[in-house]
Structures are given as structure tokens and as C-alpha cells.
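# Fold and contact review
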Amino acid sequence: MMPSNPARLAERLRFPTHAGPGLLAVVLFVIGDGIEAVWITDYLHTTIGYTAAQASGVYTAYGIVVAVAAFCSGALCDAIGPKRVMEIGLVSFLVFDALFITIGLTHHSLALLMLFYGLRGFGYPMLAYGFLTWMMLVTAPAHQSSASGWFWFAFSLGMQTIGAWLSSILLPHFGGVSTLWVGWVLAAAGGIATLLFLRKAPKANETKGISVFHALAHGVSLTWRRPKVGVGGIIKIINLSGQYGLQAFYLLYISRVHGMDQALAITEFTIFGVACIVGDVAWGIAGDRIGWHRTLQVFATPLCAASLVYLYLVPFAAGPNFFLVAIGMIGMGIGLSAHVPTTPLIMAHAAPETANALAILNLGAGLGAFVGPAIVTALVSTPGGYAAVAYTLAGLYVVSCLLLFLMRHPLDPREVRRAGRTASLSH
């Protein structure tokens, strides 16, 4: 039977009601922040006139800044608090995105494009990952996998799904610049709404009275003080490398090489996003039940590796077939979302340093936004071309699967149940 009221449904789905309005605001912000994510390299290549390598290079510059901002978003919460971190993210995005649109795109300067598009990368990591840090600080450990799942649901809903869908509508009719301005307005509204929500939200233990330098240094040192946290950070890098690498090359590949209509190609990313958002919730709940480690090693990494190879090969067998490509996008979305339990797994290995664990987690997510496009930039112009890109990204997930042999933890829900059964049998 279905739950009789919304409160019971939220409980069954483990929805973090204490964060609900804030999650909706984050959705709006990341729609605006990432409205160009799946088409900007194609736009810079075909409309502005840069080579594919130069266009992906602009995206790589963005990824570098995202990586730095992602780490800072967790580490700085100890020094200045999540709200201040999110304020920095919002202001940075609004300023540098406006400069990217008004100066970078109009002056046709590769250096300015890299500078302004790169610096706008402070936006979503500081605001969205700052919000994730706040969520983890105010959420009980037993519910952290599902809470993490709901955060990534909100993030994927905005960044991969609604953002891509909105682009597929706006871009053909209004062009790239107007679409970017729509994104700027949405990001402003969502960011302001997020900050207003935090004024009345449950308070985290926001600051520890330490300097910004000390907070950053302590976060970095966690990787050698707790080596398995560092391994978890590598797993997170690989997780997001596949996503951002796919966004950096696949639209060009499927539309320019195999001839799929651009609007249909963007719609494929909407399908990918839907698979992500459904999977984020499902795998968040599953991680609390079947185990964090098992979810990652048995489902997440194999699905991502297989899907990337499939997405590269299927157009050769069937042409730019929308439905067959969609199957690969769904597989990739399910595989990426199955990485949701990475958050509680890294936090368990780092306990009790929650904010620093999230700093490493966020750094991994940010470096994924750099590594994926960097692989595209380095390989797309080589003799291997798109094949080298796809197989390299897939190979990273094989590495991730192997690294997970090092990541078992006694607080993993599956290990806890196994220990309980062993104790019962011994008595």
C-alpha cells in the first residue's frame, strides 16, 4: 500500500525535510549555472570558430577552477561557515558569468574566454557543495547516504536534466548569448533563495575559530593522515570525470561525426539527466540497505565503463539512432548515480573530521570537472580521436573498481549487518 500522506511518503523515501526548500533553491541555481554545459564546446567550435581542442581547452580551464573551488567549499566551512562560502560562490558566478557573456564572447579572445569562463567556475562548487556540506553537518549518520542521494538528485535535476532540456528549447530559437542570460537570471534567483533559506534553517557547527589557511592546510593533510580518504577522493575524481568528459565530447561526436540533429543530441543529455535523478534517490536508499562499498563496486563502476564504450560504438553499428543512444545515456546515468554512497564511505574513513572529508569529496568532484575535459583536450586531436577519449574514460572506471578493494569499512551498513549475524551465531 502507498503511504497515506506526504509526511509518510517523505519518511519512506528518506527525504531530508529539514533541507527541502533549500534543495529546491539549489535546483534553480544549478539550472542557471549549468545551462550551457552540454553545448558550450560545440558553440565555441562551430559558432565562434575555435578548433575542437581549443573549445575543450576553455572547458578545461573552467574545470581547474571548479576543482579549487570544490575543495575550498568544504575546507572553508570550518573557518567561515557554509553560508559565507555560498555567498562567495553566488557573487563569483554572477560577476564572471556576466563578464564571459559581455566581454569574452564578443572580443573573440581565447585568453579572455578561458579567464572569464574559468573564473565563473567558483560558482556552483562554492554554493552547491557548500550546501551539501551544511546538509551533512546537520544530518544523522544513519541517513547520510539517502540525504546525499537527495542532494545529487537536486543537483542532477538542475544541471543535467532541466538545464539540458531548457537549452534544447532556447538555443535553436534565441541563440547562445540569450540562453546564457536566461541562465544568469535563474542562477541569481536560485542563489538568493538558497541564502534566504539558510537564515531560518537548522544551524550547523559552522566555525571552529581557525584561520582560513589552517582550514585549507588541515583539509589537504587529511589525504596522508587518512590514506583511504585520499583513495576515496581518487574514486570521486573518476566518478565525475566520466560525466564531464561525456559532456565535453559527446555532443560534438554524435552530431558532427555521425550527423544527429543538435536538438536531439541535447535531448539525449536530458534523458541522461533523468536517469541520474531517479538513480540518485534509488541508490541513496539502496546504499543504506545493501552497503556503500557493494553499490560502488558491483553496480556503479562496471555500468559506467560499459556505457561509455557502448556510446562510442553504437553509432557505427546503427547510425545516430536516437533510441539506441538513449539506452547508453540511461546506463551512464544509472552508473553515475550509483556513486552516491561515496559520500558516507569517505566520511566514515575520515570520522570525526566531517568538513575535511567533504572537502576531499568536493575536491574530487571538482577535479573530475577538470580531468574529464582535459582527457578530451589531450586526446581528441590525436590519431585515436574520439575512440581514445571514450576508451580512456571507460578505463578510469576499471581503475576505480580495483581501488574499491581498499575501501571496505566496518560501519558500512552491509558490514554492520554481517557483524551482527556473526555475533548472533556465536551466541
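## Focus on the overall build of the protein chain
Along the backbone of the protein chain there are 18 helices and zero strands. The C-alpha atoms of the protein chain give 21 Å as radius of gyration, which agrees with the globular expectation for 427 residues (22 Å, within 12%). A principal-axis box enclosing the C-alpha atoms of the protein chain has dimensions of 70 × 50 × 50 Å. For the protein chain, contacts bridging at least 24 residues in sequence account for 84% of all contacts bridging at least 6. For the protein chain, the accessible surface area stands at approximately 16000 Å², while carbon and sulfur atoms represent 70% of it. With 22 positive and 15 negative side-chain charges, the protein chain shows a spacing of 10 Å between the two charge centroids.

## Thoughts on the packing of helix α6 (residues 82–107) against helix α7 (residues 110–119)
Interaxial distance between α6 and α7 falls to 8 Å at its minimum, and their mutual angle equals 165 degrees. In terms of their interaxial angle, α6 and α7 are classed as roughly antiparallel. For the crossing formed where α6 meets α7, the hand is left-handed. When α6 is examined against α7, the residues F96, L99, F100, I103, G104, L105 and H107 are found in contact with a partner set consisting of L112, L113, F116, Y117 and L119. Considered class by class, the residues forming the contact of α6 with α7 number 10 nonpolar, two polar and no charged.

## Notes on the environment of S148
With respect to the helices and strands, S148 occurs in helix α9 (residues 144–200). Overall, S148 belongs to the buried group, its relative accessible area being 0%. The residues touching S148, leaving out its near neighbours within four places in the chain, are M136, V340 and T343.

## Some thoughts on unusual backbone geometry
One non-glycine residue, H108, lies in positive phi territory at about 50 degrees. When you line up the elements, H108 lands in the loop between α6 and α7. Since its relative accessible area comes to 47%, H108 is described here as partly exposed.

## Topic: the nonpolar core
With 116 residues, the main nonpolar core has Y124, F131, F151, F155, L246, F249 and Y250 as its most contacted residues. Broken down by element, the residue count for this core peaks at 18 residues, all from α9. Apart from the residues lying within four places of it in its own chain, the contact partners of F131 are A19, G22, L23, V26, M86, F151, T194 and F197. In this structure, V231, W283, A286 and L404 belong to the second largest nonpolar core, which totals 12 residues.

## Structural notes on helix α12 (residues 262–290)
The end-to-end C-alpha separation of α12 is 40 Å, in line with the 42 Å expected for 29 residues at 1.5 Å each. At G279, α12 shows its largest bend, some 25 degrees. Where α12 starts, the residue carrying a side-chain oxygen 3.1 Å from the main-chain nitrogen of A263 turns out to be D261.

## Quick look at the side chain of D33
Relative to the elements of secondary structure, D33 occurs in helix α2 (residues 20–33). Of the side chains bearing the opposite charge, R120 lies closest to the buried D33, which forms no salt bridge; the N-O distance is 4.9 Å. Separated by 3.3 Å, the side chain of D33 and the backbone nitrogen of Y124 make a polar contact. When neighbours within four sequence positions are excluded, D33 is seen to be in contact with Y62, F93, R120, G123, Y124, M159, G183 and A187.

## Some words on the packing of aromatic side chains
The final tally for this structure, using the stated rule, is 30 aromatic pairs. Arranged with centres 6.2 Å apart and planes meeting at 50 degrees, the rings of F131 and F197 form a pair that is tilted. Placement of the pair is F131 in helix α8 (residues 123–138) and F197 in helix α9, with a sequence separation of 66 residues. A relative accessible area of 0% places F131 in the buried class. When the centroid spacing of 5.1 Å and the interplanar angle of 70 degrees are considered together, the rings of W150 and F153 count as edge-to-face. One end of the pair is W150 and the other is F153, both in helix α9 and three residues apart, which spans about a single turn. The class for W150 is buried, based on a relative accessible area of 10%. Three or more aromatic residues joined by ring pairs form one cluster here, namely F249, Y250, Y253, Y312, F316, Y386 and Y391.

## Comments concerning helix α4 (residues 52–75)
With 24 residues, α4 should reach 34 Å at 1.5 Å per residue; the first-to-last C-alpha distance of 35 Å fits that figure. Among the 24 residues of α4, 20 are classified as buried, and the element is accordingly described as predominantly covered.

Each value, and the rule that gives it
Residues numbered from 1 in each chain as written. Predicted model: local features only at pLDDT ≥ 70, side-chain atom pairs only at ≥ 80, totals over all residues. Heavy atoms only, no water. Helix = DSSP H or I, 4+ residues; strand = E, 2+ residues; numbered from the N terminus. Rg over C-alpha atoms; globule rule 2.2 N^0.38 Å. Contact = heavy atoms within 4.5 Å. Areas by Shrake-Rupley, 256 points an atom, 1.4 Å probe, with all protein chains shown as cover. Lys, Arg positive; Asp, Glu negative; His and termini not counted. Charge placed at Lys NZ, Arg CZ, Asp CG, Glu CD. Axes fitted to C-alpha atoms, helices over the stretch in contact; angles between N-to-C directions. Parallel < 35°, antiparallel > 145°, perpendicular 65-115°, else oblique. Left-handed = near helix turned anticlockwise from the far one by under 90°. Nonpolar A, V, L, I, M, F, W, Y, C, P; charged D, E, K, R; others polar. Buried < 20%, exposed > 50% of the residue type's maximum accessible area, 1.4 Å probe, protein only. Core = buried A, V, L, I, M, F, W, Y, C linked by side-chain atoms within 4.5 Å. Expected span 1.5 Å × (residues − 1). Bend = angle between axes of the 7 residues up to and from the residue. Polar contact = N/O pair within 3.5 Å; in protein donor to acceptor, adjacent residues only side chain to side chain. Salt bridge = Lys/Arg side-chain N within 4 Å of Asp/Glu carboxyl O. Phe/Tyr/Trp six-rings, centres within 6.5 Å; stacked < 30°, edge-to-face > 60°.

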